[in-house]
Amino acid sequence: MNGKINGKKLTYISLFSSAGVGCYGFKMAGFDCIATNEIIPRRLEIQRFNNKCKYDSGYICGDITKQETKDILFSQIDLWKKKENLKRVDVLIATPPCQGMSVANHKKAENEIIRNSLVVESIKIIKEVNPKFFIFENVPAFMKTICTDIDGIEKPISEAIENNLGEKYSYISRVINFKNYGACSSRQRTLVIGVAKEFADEISPIELYPEIEEEKTLRQVIGDLKSLEFGEIDSLDFYHAFRTYPEHMRAWIHDLKEGQSAFDNEDIEKRPHQIKNGQIVLNTRKNADKYTRQYWDKVGLCVHTRNDQLASQNTIHPKDDRVFSIRELMRMMTIPESFRWIDMSLEELNSLSERNAA
C-alpha cells in the first residue's frame, strides 16, 4: 500500500509497537503516524530516535488496558482532526504480546486469558476508532486461541473478531512465512487484514497481502559483510559487531561444519559443559538447534529473542566462530540501515574510538 492517495498522506496507529520495527515500513512508505503505544519506555524511546510521530504527544507510553491510556490515544486522534483536518484514521495495526498464545511456550498459566484479553482490547479500540483498515499480526495459532470476549464469554479469537468487527469489515486471515516475502528468516505468523465494507468495491483484503518473493539464502543476504575476529567491530559499520562470550567456548564451535552442533563433538572437552569440582559436567541438550552452525546456502532459521547468545538457538555464523552481528540480524529481518537503535547516525557511531564504542 502506497502512503498517499490523491496526493494526501495516509495515517496509521500502532498498538503494542515495541521499538517500532514492525511498523517502520509504514513510515518508509510515506504514512503519517498519529500515535504509537508501548508500555516499556526504552522501547518507545527508540521510536523517537526514528522520528515516527509528527507530534511528540503521539508517543504514548502506558498500559492500553487502562482507560487513561486509551483517553490519551483518543485525544491524539482529536488533535489530528483539529490540526491536520483528519477525517478518519486509515490504518490501525495491533501486535499484542503472544506469550500466552505461542505453542512454543511450555509454561502457559492462569494469566493466559489475561494476555489474550489484550487482543480484545485491540478489538475494542478498532470499534471505537473505526479505521478504514486494520491489521493483526501474531503467532500461527492466533485465530484458534481462546480469549475472553467483550461479552465475557470465552471463545476463539476468530469468533471474537467476527462478532465485534464482522459487520463493518471484510477481513481475511492467513498464516504466512516471512521467508517467502523477502526476509532471510523462517518465521511463521498469522496476518489478519480487514477493510471497511464501504470500500469493498474498491479493494479487497486479499489484494493487500504482499507478493511472494523467491527465498534468499544467508550467503545472498550477509555474504558480502566482513568476516569478524573475536571481539572485532567493523570500522566501517558500527552495527557489524557481535556480543562476545568466554574465550574457552570458542573451542566448542571452532571445528563445526555447517549444520553441526557443539553437542556432536567427539571430544568431550569441546562439548558445552561446566567444570564442577574439577570434573567436566556436560550441559543438557534441550534443543537440537543450540550451538549449531548455520548453512550459507539455506534460508536463515527463525531469529529468536536472544540471538546475541552463543547458547541460544540457530545463532552461530556459517563460517566465523561467533554469533551473528547486529547488522547481519537486521538484514535477515529486512530492517533497513536507516533504522536507528540509538540517537546517533551511523557516521557518528563509526567515528567513535573503540574505547568509546565499547
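Only a predicted model underlies this, so the values are computations on that prediction, with no experimental measurement involved.

Enquirer: Would you take a moment to explain the side chain of Ser 185 for this structure?
Expert: Inspection of the secondary structure assignment puts Ser 185 in the loop between strand S10 (169–177) and strand S11 (188–196). We classify Ser 185 as buried; its relative accessible area is 4%. Once residues lying within four places of it in the same chain are set aside, the contact partners of Ser 185 are Asn 177, Phe 178, Lys 179, Val 299, Gly 300, Leu 301, Cys 302, Val 303 and Met 332.

Enquirer: What's the story with the environment of Phe 74 in this structure? I'm lost.
Expert: Along the polypeptide, Phe 74 turns up in helix H3 (residues 67–83). Here the alpha-carbon distance between Phe 74 and Ala 35, two residues 39 residues apart in the chain, equals 9.3 Å. Excluding residues that lie within four positions of it along the chain, Phe 74 makes contacts with Glu 128 and Val 129.

Enquirer: Would you mind showing me how to read the pattern of salt bridges here?
Expert: In a structure, side chains of opposite charge can pair up when their charged atoms sit close to one another. All chains considered together, the criterion is met by 27 salt bridges. The partner of Arg 43 in a salt bridge is Glu 38, with the nearest N and O atoms 3.6 Å apart. A salt bridge links Arg 327 to Asp 237, with the shortest nitrogen-to-oxygen separation between them at 2.7 Å. One end of the pair, Arg 327, is in helix H8 (residues 326–332); the other, Asp 237, is in the loop between helix H6 (218–222) and helix H7 (250–254), and 90 residues separate them in sequence.

Enquirer: What am I meant to see in the sheet that holds strand S6 (residues 91–94) here?
Expert: Two pairing modes exist for strands in a sheet, parallel and antiparallel, and in both the strands are linked by backbone hydrogen bonds. What the seven strands build is an open sheet, ordered S5-S4-S3-S6-S7-S11-S10; its pairing is mixed. The open sheet is flanked by strand S5 (59–61) and S10, the only strands paired with a single partner. This sheet shows a mean twist of 15° between the axes of neighbouring strands, independent of strand direction. With four bridges connecting them, S6 and strand S7 (residues 133–138) associate as parallel partners. Following the sheet pairing, Ala 94 is matched in S7 by Phe 136. Contacts from H3 reach strand S3 (11–15), strand S4 (32–38) and S5 within the one sheet, and its direction differs from that of S4 by about 175°. Of the strands in this sheet, S7 and S10 touch helix H5 (residues 157–165), which is tilted by about 155° from S10.

Enquirer: Would you take a moment to explain unusual backbone geometry for this structure?
Expert: With a phi angle near 55°, Asn 314 is a residue other than glycine that sits in the positive phi range. By secondary structure assignment, the location of Asn 314 is in the loop between strand S13 (279–282) and H8. Judged by its relative accessible area of 7%, Asn 314 falls in the buried class. Even without a glycine there, the phi angle at Thr 334 is positive, about 60°. Relative to the helices and strands, Thr 334 resides in the loop between H8 and helix H9 (346–350).

Enquirer: When you look at the pairing of S11 in this model, what are you seeing that I'm missing?
Expert: Regular strands have side chains that alternate between both faces of the sheet. A large share of S11 lies buried, amounting to eight of its nine residues. One ladder, built from six bridges, connects S7 with S11; its direction is antiparallel. When the sheet's bridge partners are listed, Phe 134 is paired in S11 with Gly 194. Where S10 lies against S11, nine bridges are found, and the strand directions are antiparallel. Counterpart to Ser 173 in the pairing with S11 is Val 192.

Enquirer: Honestly, the confidence of the model for the chain in this entry has me stumped. Any pointers?
Expert: Detailed reading of the predicted coordinates is not advisable wherever pLDDT is low. Averaged over every residue, the pLDDT of the chain is 90; residues scoring 70 or more account for 91%. Every residue in residues 100–113 scores below 50 in pLDDT, and together they form 22 contacts with partners more than four places removed in sequence or on other chains.

Enquirer: Just to check I follow, could you spell out a nonpolar patch on the surface for this structure?
Expert: Together, Ile 268, Ile 275, Ile 280 and Leu 282 give the surface a local cluster of nonpolar side chains, amounting to about 320 Å² of exposed area. Within the fold, Ile 268 resides in the loop between H7 and strand S12 (273–276).

Conventions used here
- Per chain, the residues get numbers from 1 upward, laid out in the order the sequence is written.
- Restriction of local features to residues with pLDDT of at least 70 applies here, the model being predicted, together with a cutoff of 80 or more for giving and counting side-chain atom pairs; totals for whole chains, interfaces and linings are based on all residues.
- Hydrogens are left out, water is left out, and the side-chain values use all remaining heavy atoms of the structure.
- Runs of H or I in DSSP of at least four residues are treated as helices and runs of E of at least two as strands, each being numbered from the N terminus.
- Three exposure classes are used, based on accessible area relative to the maximum for each residue type with a 1.4 Å probe and protein chains only: buried under 20%, partly exposed in between, and exposed over 50%.
- Note on contacts: a residue pair qualifies if any of its non-hydrogen atoms lie within 4.5 Å across the two residues.
- Whenever Lys or Arg places a side-chain nitrogen within 4 Å of a carboxyl oxygen from Asp or Glu, that contact is recorded as a salt bridge.
- If DSSP finds at least two bridges between two strands, the strands pair.
- Lines fitted to C-alpha atoms define the axes, with helix axes restricted to the stretch in contact, and inter-axis angles between N-to-C directions lie between 0 and 180 degrees.
- The score called pLDDT rates the predictor's confidence residue by residue, from a low of 0 to a high of 100.
- What goes into a patch is any residue over 30% in relative accessible area without a salt bridge, connected to like charges within 9 Å or, for nonpolar side chains (Val, Leu, Ile, Met, Phe, Trp, Tyr), within 5 Å.
- Accessible surface area values rest on a Shrake-Rupley calculation with a 1.4 Å probe, where residue burial reflects the displayed protein chains alone.

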